[in-house]
Amino acid sequence: MRTNRKAAGRTAAALLTACALALVAGCSGSGGKDSEDKADDGGSGTAAKTPRMKIAMVTHSGEGDTFWDIVQSGAKVAAEKDNVQFLYAANKEGKEQAQLIQSYIDQDVDGLVVSLAKPEAVKDVLAKATAAGIPVVTINSGAEFSEPFGALSHIGQDEAIAGEAVGEELNKRGKKKALCVIHEQGNVSLEGRCAGVKKTFEGTVENLNIEGTNMPASTSSIEAKLQSAKDIDTVVTLGAPFAAASVKAKESAGSSAEINTFDLNEDVVKQLKAKEIGFAVDQQPYLQGYLAVDELWLNKNNGNVVGGGKPVLTGPALVTEKDVPALEKFTARGTR
């Protein structure tokens, strides 16, 4: 598993955060064999003795997007450990996402975790949150908007850096024409990934917008493109479920294009093992959810701001079939 050097410094900040957490919350954990068993399950020890908190997460997830299941897994484990009531809601549309955030403001939550895929749609409601004294941590998308919108910090990967890493890897693999598949139009993070690929890739990049919440239609769109453009020698999808769709589309179109993808889950690891996918870009979604809840807890109980207010990077790391043995256990339990 290869981590992009540009991300190394901020990735280290995330690891330091985990160390700080262990020092601050050490009294809430259990030691010995019991703690080892819980760690093996991706769980936690005894809940913290701090006052009960209520933290809500609102994301831009569409139906069937398994990425956000992994984010929630991390958030729930941190919430259990930190004596936090964790609430979750999602909508792919920015306007509805803003309404969900407002509903949690009305519930007087102690903290908000928000993704900024369509930042302008949630800008005003986040201003209301900060005005009400509700701290906000942004995750996954829209890092450049996090500080201007008043958030404590942003946790995720730098999408431009991630895209650039993909472009460089495609060069090493000798690819000449890439199809970058965008499964949600208007999502600034997805557009940033494709732009990053285009910046460093020495071949040509063509973007394809698909209907991400309709997998049969998405598969058909990719298949049609591969049939009409036989010179496409690699497909880059921006989410794990669309890698599987692209594998099917490739077979139906009789294409020889290599399939590569952003994000990791159990199916992607199986596809890497079967050499149906060349490589995947892991941004560690479990860590995004876990650290976001932990940061809000640390801020409330110890005045901490993770990363000094700067983005804390959880990726990118390029994963190939060589990394499968180390990852299978974690993806099977839904934590990678």
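So, a few notes on the structure that sits alongside this text. Along each chain, numbering runs from 1 in the same order as the chain's sequence is written. Where totals are concerned, whole chains, interfaces and linings use all residues; where local detail is concerned, this predicted model gives features only for residues with pLDDT of at least 70, and gives and counts side-chain atom pairs only at 80 or more. Excluding hydrogens and water, the side-chain figures rest on all heavy atoms present in the structure.

Quick word on the sheet that holds strand β4 (residues 111-115)
Taking strand neighbours across the sheet as the criterion, the six strands line up as β3-β2-β4-β5-β6-β12 in an open arrangement whose pairing is parallel. Taken across any chain shown, the strands that pair with only one partner, and hence form the sheet edges, are β3 (84-90) and β12 (312-313). Bridge count for strand β2 (residues 53-59) against β4 is four bridges, and the pairing is parallel. Across the sheet, residue V58 finds its bridge partner in β4, namely V114. Note on contacts: a residue pair is in contact if any heavy atoms of the two residues lie within 4.5 Å. Each axis is a line fitted through C-alpha atoms, and for a helix only the stretch in contact is used; angles between axes span 0 to 180 degrees, taken between their N-to-C directions. Every helix listed is a DSSP run of H or I at least four residues long, and every strand listed is a run of E at least two residues long, numbered separately from the N terminus. Of the strands in this sheet, β2, β3, β4 and β5 (136-139) are in contact with helix α3 (residues 67-81), which crosses β3 at around 165°. A pair of strands is treated as paired once DSSP finds two or more bridges between them.

Remarks on the layout of surface pockets
Computed from the structure, the second largest pocket encloses a volume of approximately 420 Å³. Every definition here rests on a 1 Å grid over the protein atoms only: cavities are sets of points where a 1.4 Å probe fits but cannot get out, pockets are open sets enclosed by protein on both sides within 12 Å along at least five of seven lines, and lining residues have some atom within 4 Å of a point. For the second largest pocket, the lining is made up of 32 residues, of which D65, H183, E184, N187 and L190 are closest to its centre. Only Asp, Glu, Lys and Arg are considered charged, only Ala, Val, Leu, Ile, Met, Phe, Trp, Tyr, Cys and Pro nonpolar, and every remaining residue, Gly among them, polar. Tallied by class, the residues present in the lining of the second largest pocket amount to nine nonpolar, 13 polar and 10 charged. Grid points are joined across faces, edges and corners, and a volume is the space filled by probe spheres set on the points.

Examining the state of the cysteines
Note on terminology: pairs of cysteine sulfur atoms within 2.5 Å are recorded as disulfides. Under the criterion given, the structure shown has one disulfide. One disulfide in the model links C180 with C194; its S-S distance is 2.1 Å. Between C180 and C194, the S-S torsion sits near -90°, and that sign places the bridge as left-handed. One end of the pair, C180, is in strand β7 (residues 177-182); the other, C194, is in helix α8 (residues 188-200), with 14 residues separating them in the sequence. Of the two residues, C180 and C194, neither departs from the other in class, the shared state being buried. Think of it in three bands: residues with accessible area under 20% of the maximum for their type are buried, residues over 50% are exposed, and the middle band is partly exposed, with areas taken using a 1.4 Å probe on protein chains only.

Some remarks on the side chain of N265
Its location among the elements puts N265 in the loop between β10 (258-262) and α11 (266-273). Side-chain polar atoms of N265 contact the backbone nitrogen of D267, separated by 3.1 Å. Once residues lying within four places of it in the same chain are set aside, the contact partners of N265 are T66, I70, A240, T331 and R336. In protein, a polar contact means a hydrogen-donor-capable atom and an acceptor-capable atom, both N or O and within 3.5 Å, with residues adjacent in sequence counting only if both atoms are side-chain atoms; elsewhere, any N or O pair within 3.5 Å suffices.

Overview of the pattern of salt bridges
The rule for a salt bridge is simple: a side-chain nitrogen of Lys or Arg has to be within 4 Å of a carboxyl oxygen of Asp or Glu. A complete count under the given rule lists 13 salt bridges for this structure. Taking the shortest distance from any N to any O, the salt bridge between E258 and R173 comes out at 3.0 Å. Of this pair, E258 sits in strand β10 while R173 sits in the loop between α7 (159-172) and β7; the two residues are 85 residues apart in sequence, bridging distant segments of the chain. Across the pair E266 and K270 runs a salt bridge, and its minimum N-O distance is 3.9 Å.

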